[in-house]
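Commentary on secondary and tertiary structure
Single-letter residue listing:
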Amino acid sequence: MRGALGGPRLLLRRIREAMAEPVHAQVRLDKIVVHIASNMVAEVCSVYVLRDDGRLELFATEGLNREAVHLTTMRSGEGLVGLIAETAESLALSDAQAHPAFSYKPETGEEIYHSFLGVPILRGGNTLGVLVVQNKARRTYSEEEVEALQTTAMLLAEMIASGELQSIVRPGNDIALRRAIALKGSAIADGVGLGHVVLHEPRVIIKQLISDDPAKEQARLDVAIEAVRHTIDALIDRGDQAGPGEHLEVLETFRMFAHDRGWLRRLREAVMSGLTAEAAVERVQNDARAKLQRRTDPYLRERLHDLDDLANRLLHALTGESFVVANEDMPDNAILVARTMGPAALLDYDRKKLRGLILEDGGPSSHVAIVARALGIPMVGDVANIVDLVEPNDAIIVDGTSGEVQLRPQPDVEAAYGEKARLRARRQEQYHKLREVPSMTRDGVAIELHMNAGLLVDLPHVAETNAASIGLFRTELQFMIAPQFPRMQEQLALYKTVMDAVPDRPVTFRTLDIGGDKILPYMAAFEEDNPALGWRAIRIGLDRPGLLRSQLRAMLRAGAGRDLRIMFPMVATCAEFDAAKVIVERELTHLRRHAYELPRDLKLGIMVEVPSVLWQLEEMLERVDFISVGSNDLVQYLYAADRDNRRVSDRFDPLSPPVLRALKSITDKAAVTGTPVTLCGEIGGRPLEAMALIGIGYRGLSMSAASIGPVKAMLLALDASEIAAHVGALIDAKTGAASIREELRAFAEAKGVPL
Ligand code: PEP
Ligand code: MG
C-alpha cells in the first residue's frame with residue numbers, strides 16, 4: 001500500500017488497542033481517526049454517523065476543523081458523503097471538487113483538500129455512516145487502500161452497533177441504529193405480542209475481529225468452507241430437504257457460491273488484511289449485500305438471501321455455535337424473527353415463551369402460518385428486510401391483526417399496544433365465561449358451534465371453548481408439516497389421538513385436501529398453470545386410490561367402536577362421491593374379513609365447495625349423510641377470484657346477494673331432505689358474516705377456536721327471526737349491490753348485537 005506506515009494489519013491492531021481502552025467514546029473515536037489518518041498518510045480522516053432523522057453528522061475528525069464535530073450535518077444524498085451513504089458504495093476521487101455531487105461546508109475548512117476516499121460503514125446491509133480520508137495533493141487511491149478503509153469501517157460499524165456512541169449524541173439527535181421503526185406486513189395470525197427479538201437461526205456475534213496470524217485464520221476458513229460444502233453436497237444427495245429454505249434449487253445456488261472463485265478470493269484477501277476468518281466472512285458479505293440490495297431484479301435479491309444463508313452457515317461452522325436458540329436461553333417474551341421458517345421448526349420452540357412471529361417471507365397460506373394460528377401466536381409475514389433491521393433482544397411489538405410491527409417502540413407506542421393486548425386478554429376472559437352458556441339465539445334457536453382443527457396442538461381448545469364437535473379436521477396439515485409421507489400406522493395413531501382427546505364429541509375427518517396451495521414438501525412438485533383448478537383433493541384421491549385407501553383404513557380403524565364421520569373435499573360430481581364410497585365399503589369389507597372392530601356408526605359426507613354441486617344438490621343429498629359448506633373455495637370459484645392472490649382475494653365481498661343466495665339455496669334444499677348442514681369456511685368464524693349465515697338458515701358453523709367466543713357473544717344477543725327477515729329482504733331486493741355489509745352492520749348496531 002502506497003506510503004502506508006505498517007499496512008492495514010498494523011492499523012487494525014492500533015484500532016483494536018484503542019477499542020479496548022477504558023476511555024470515553026468521544027476520546028476513543030478521536031484516537032481512531034488519528035490512527036487511520038496517520039496509517040493511510042492522509043491529512044484528514046473523518047467519521048460521519050447516520051442519525052435517525054436521516055442526516056449524517058460529523059462525529060470525529062482529524063484534519064478538519066474540530067469545532068465542526070457534532071455541528072456539521074448533511075442529508076443522505078447531499079454532497080459526496082451523502083452520496084456514499086445513499087448508494088452504499090465507496091468513492092475514490094483525485095479531484096473531489098470537480099465531482100458534480102461535491103458540496104462545500106465552510107465550517108469544516110475542507111476546501112484545501114483535493115483527493116477524497118470515502119467508504120460506507122455497513123452492518124447487515126444497512127448503512128450506519130461514512131468514513132472518509134482526504135489529501136491535499138491530487139492522488140489516486142489504490143485498490144488496496146480502498147479495501148483497507150472498508151475493513152476499518154467494519155470495526156466502526158461494530159462500535160456504532162454496540163450502542164457506545166449513544167453516550168455522545170446530542171439530545172434529539174439519536175443515531176439511526178437505535179431508532180424506532182414502524183413496519184407493515186401481512187396480518188397472518190391474530191393477536192398482539194410485546195416482547196424481545198429472538199433471531200431464529202441467529203447471526204453469529206463476532207467477538208474477535210482482528211487477528212495477528214493470517215495463516216492460521218486462512219486455515220480455519222478453509223476447514224469451515226470444506227465442512228459447509230460437505231453438508232450442502234450431503235443435503236443435495238439425500239434429496240430430503242427439510243424446510244422451505246432448503247429446496248434443491250436453493251442448495252444448488254449455495255453450492256455454486258461455495259465454489260465461486262471470486263467469493264473465495266475476496267474472503268482470502270480479507271483474512272490477509274488482518275481480519276479473523278469470521279470477520280472476513282462478515283466483511284465480504286457486507287459488500288455483497290450492499291451491492292445486491294440495490295438491485296431491483298427479484299431473482300438477484302433472492303440470491304442475496306441465499307448468500308446470506310451461506311455466510312451464516314459458514315459462521316456457524318467457524319464458531320461451532322448452534323443454529324437454534326436453546327429454550328433456556330430464550331427470554332420469557334420472545335418474538336421470533338426470521339427470513340423464512342418451516343412449520344416443524346416453530347413447533348420446536350417452547351410455546352410458553354413465544355409472544356409472536358415475524359417473517360420476511362411467509363404469506364397467509366404458508367405452512368408455518370397454519371401452525372402459528374393453531375398455537376395462537378400472533379404472526380406478521382412479508383416484512384421486508386426485518387432480519388437486517390433488528391438486533392437480538394431489541395424491544396419489538398407484533399400486531400397480527402393489523403399486520404403492524406413496531407421495532408424499538410417509543411414509550412407511548414408501547415403503552416398503546418400494551419393497552420390493546422390487555423383489552424384483548426380481557427375480552428378473551430369474557431368469552432371464556434360464555435363457555436357454559438347454551439349456544440342459543442335470543443329467540444331460542446340453537447346454533448351449534450364446532451371447531452376446525454388439523455394439528456395436535458389444536459385439541460385442547462375443544463374443551464377450552466366447549467365446541468360442539470370438531471366439525472372439520474383438516475388431515476393434510478399433519479401431512480404438510482411431516483418430513484415424509486406419514487405411513488398408515490402413523491396416521492392411525494394420530495386419528496386415535498384426536499378421537500381420544502375429545503371422547504364425548506364427534507370428529508369429522510376430512511380426507512387429504514392437497515394440491516392447489518397445499519403442497520407437501522416431499523411430494524414431487526408438478527407444475528400446473530391453474531393449480532386451484534387442477535389436480536387436487538378428491539381428484540388425487542381417486543386417481544391414486546392407494547393413498548386414499550390407506551387414509552380411510554387408518555380412519556376406520558381409529559374409529560373402532562365409536563361414531564365416525566368422514567368427509568370428502570372438492571367433490572364436483574355425484575360419481576366422485578359414489579367412487580369414494582366404494583373405496584370406503586371395500587375397506588370395511590377388508591376390516592371385517594380381518595376381524596377388526598368396526599365403527600359403531602359411520603357417516604359419510606362431502607364438502608360443498610365446487611359450484612357444480614349447487615345444481616345437483618338434490619341428487620347429492622340422496623347419497624350423503626351430511627354436507628359441510630367450504631365457503632373459502634366456494635366463494636373463490638363463484639367469483640373466479642383466487643383466494644390466495646392478494647390482488648383479487650378481497651375484491652369481492654361474500655356478504656353479497658349472489659353469494660348469500662347460493663348459500664341459502666343449500667340450506668333450503670337440505671331442509672327438505674333433513675340432511676345436516678354446517679359451514680366450515682372462514683366466514684363462519686366472523687361475527688358479522690355468521691349473523692348473516694344464521695339469517696339464511698345455517699344452524700351449525702365450524703370455525704377456528706379463537707372465533708368461537710366472539711361468534712357466541714354475537715348470537716346470544718341475536719334474534720334469529722329478525723335477522724332472517726332482514727337478510728331475506730336484502731338479498732331479495734334486486735338492487736345489483738355488490739355488498740350488503742354496511743346494511744348488516746347497521747342492523748347489528750341498531751339491535752345491540754356485538755360484532
Ligand atoms: C373451505 O374451502 O372453505 C374449507 C373449509 O377448506 P379449506 O380452507 O381447507 O380449503
Ligand atoms: Mg376448501
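The notes below deal with the structure included here.

Thoughts on the overall build of the protein
Helix and strand counts for the protein come out as 26 helices and 22 strands. The C-alpha extent of the protein, read off along each of the three principal axes, is 95 × 60 × 45 Å. Here the protein holds 755 residues, and the buried ones make up 55% of them. Of the contacts formed within the protein by residues at least 6 apart in sequence, a portion of 67% connects residues at least 24 apart.

As for the pattern of salt bridges
Pairing between side chains of opposite charge can happen when their charged atoms approach one another. Within this structure, the stated rule accounts for 39 salt bridges. For the salt bridge of E278 with R220, the shortest nitrogen-to-oxygen distance reads 2.6 Å. With E278 in helix 8 (residues 277-293) and R220 in helix 5 (residues 214-238), this residue pair connects regions lying 58 residues apart in the sequence. Take E278: its relative accessible area is 10%, and that puts it in the buried class. Of the charged contacts in the structure, one is a salt bridge between R442 and D719, with a shortest N-O distance of 3.9 Å. Highlighted residues: R442 in the loop between helix 13 (411-433) and strand 15 (448-453) and D719 in the loop between helix 24 (705-716) and helix 25 (720-732), separated in sequence by 277 residues. Given the relative accessible area of 53%, R442 is considered exposed. One continuous salt-bridge network, built from bridges that share partners, spans E476, R510, D513, R536, D633 and R643.

A look at the sheet that holds strand 4 (residues 91-93)
Reading across the sheet, the six strands line up as 3-2-1-6-5-4 and stay open at both edges, with antiparallel pairing between neighbours. A single partner strand is all that each edge strand has here, and the edge strands are strand 3 (73-75) and strand 4. Strand after strand, the sheet turns through a mean of 20° between neighbouring axes, direction not considered. Inspection of the sheet shows strand 5 (residues 115-123) paired to strand 6 (residues 126-135) by nine bridges, in the antiparallel sense.

Observations regarding helix 16 (residues 488-501)
Taking 1.5 Å of rise per residue, 14 residues should cover 20 Å, and helix 16 covers 20 Å from first to last C-alpha, within 8% of that figure. Among the residues making up helix 16, those that are buried are M488, Q491, L492, L494, Y495, V498 and M499. Each buried residue of helix 16 sits inside an arc of 165° when the element is viewed along its axis, so together they form one side. Contact partners of the buried residues in helix 16: strand 16 (470-474), helix 15 (476-481), strand 17 (507-510), helix 18 (545-558) and strand 18 (563-568).

Examining the pairing of strand 11 (residues 354-359)
Consecutive residues of a regular strand have side chains that alternate between opposite faces of the sheet. Of all six residues in strand 11, five are buried, a share of seventy percent or more. Relative to strand 11, strand 10 (residues 334-338) runs parallel, the two being bridged by five bridges. Bridge pairing links A338 to L359 in strand 11. In terms of handedness, the path from strand 10 via helix 10 (residues 343-348) over to strand 11 forms a crossover that is right-handed.

So, the site of ligand 1
In the region of ligand 1, 14 residues are neighbours, and R474, R510, K518, N632 and R643 sit closest. Here an oxygen atom of ligand 1 sits 2.8 Å away from a polar atom, N or O, in the side chain of R474. The backbone of G630 places a nitrogen or oxygen atom 3.4 Å from an oxygen atom of ligand 1. Here ligand 1 loses 99% of its free accessible area of 290 Å² to cover by the protein chains. Of all the secondary structure elements, the ones that give two or more residues to the shell around ligand 1 are strand 16 and helix 21 (631-639). Ranked by the residues each element gives to the shell around ligand 1, the list is headed by helix 21, at three residues.

Structural notes on the environment of L357
Secondary-structure assignment places L357 in strand 11. C-alpha separation for the pair L357 and T678, spaced 321 residues apart in sequence, amounts to 32 Å. Residues within four places of L357 in sequence aside, it is in contact with I335, L336, M341, L346, V368, A372, I377, P378, M379, V380 and V398.

A word on the packing of helix 1 (residues 7-20) against helix 2 (residues 25-39)
At a minimum axis separation of 9 Å, helix 1 and helix 2 run at an interaxial angle of 170°. Here helix 1 lies roughly antiparallel to helix 2, going by the angle between them. Side by side, helix 1 and helix 2 meet where G7, L10, L11, R14, I15, A18, M19 and A20 of the first sit next to R28, I32, H35, I36 and N39 of the second. Along the lines of polarity and charge, the residues of the contact of helix 1 with helix 2 split into eight nonpolar, three polar and two charged.

Brief notes about the coordination of the magnesium ion (ligand 2)
At this site the magnesium ion (ligand 2) is bound by E609 (OE) and D633 (OD), with donor distances of 2.0 to 2.2 Å. Of this pair, E609 sits in the loop between strand 19 (601-608) and helix 20 (617-623) while D633 is found in helix 21, placing the two residues 24 residues apart along the sequence. Since its relative accessible area comes to 1%, E609 is described here as buried. Looking at D633, the relative accessible area reads 2%, which means it is buried.

Examining the side chain of R283
With respect to the secondary-structure elements, R283 resides in helix 8. When its relative accessible area of 6% is taken as the criterion, R283 is described as buried. Here the side chain of R283 touches Q150 through a polar contact of 2.6 Å, side chain to side chain. Every residue in contact with R283, bar those within four places of it in the chain, is listed here: E147, Q150, T151, M154, A270 and L275.

Some details on the sheet that holds strand 13 (residues 395-399)
The mixed open sheet is built from eight strands, whose spatial order is 7-14-13-9-10-11-12-8. For this open sheet the edge positions go to strand 7 (181-184) and strand 8 (186-189), each flanked by a neighbour on one side alone. Averaged over neighbouring strand pairs, the angle between their axes works out to 30° when direction is ignored. Across two bridges, the pairing between strand 11 and strand 12 (residues 379-381) is parallel. In the sheet register, I358 faces strand 12, and the bridge partner there is V380. Along the sheet, helix 11 (residues 367-375) makes contact with strand 8, strand 11 and strand 12, crossing strand 8 at roughly 55°. With respect to the sheet, helix 13 is in contact with strand 9 (192-199), strand 13 and strand 14 (404-407), its orientation differing from that of strand 9 by roughly 120°.

Definitions and cut-offs
- Residues numbered from 1 in each chain as written.
- Chains lettered and ligands numbered in written order.
- Predicted model: local features only at pLDDT ≥ 70, side-chain atom pairs only at ≥ 80, totals over all residues.
- Heavy atoms only, no water.
- Helix = DSSP H or I, 4+ residues; strand = E, 2+ residues; numbered from the N terminus.
- Buried < 20%, exposed > 50% of the residue type's maximum accessible area, 1.4 Å probe, protein only.
- Contact = heavy atoms within 4.5 Å.
- Salt bridge = Lys/Arg side-chain N within 4 Å of Asp/Glu carboxyl O.
- Pairing = 2+ DSSP bridges.
- Axes fitted to C-alpha atoms, helices over the stretch in contact; angles between N-to-C directions.
- Expected span 1.5 Å × (residues − 1).
- Arc of directions from axis to C-beta.
- Right-handed = clockwise from strand over helix to strand, strands pointing away.
- Near = heavy atom within 4 Å.
- Polar contact = N/O pair within 3.5 Å; in protein donor to acceptor, adjacent residues only side chain to side chain.
- Areas by Shrake-Rupley, 256 points an atom, 1.4 Å probe, with all protein chains shown as cover.
- Parallel < 35°, antiparallel > 145°, perpendicular 65-115°, else oblique.
- Nonpolar A, V, L, I, M, F, W, Y, C, P; charged D, E, K, R; others polar.
- Donors = N, O, S within 2.8 Å, 3.2 Å for Na, K, Ca; no water.

Interpretation in functional terms is not warranted from these geometric data alone.
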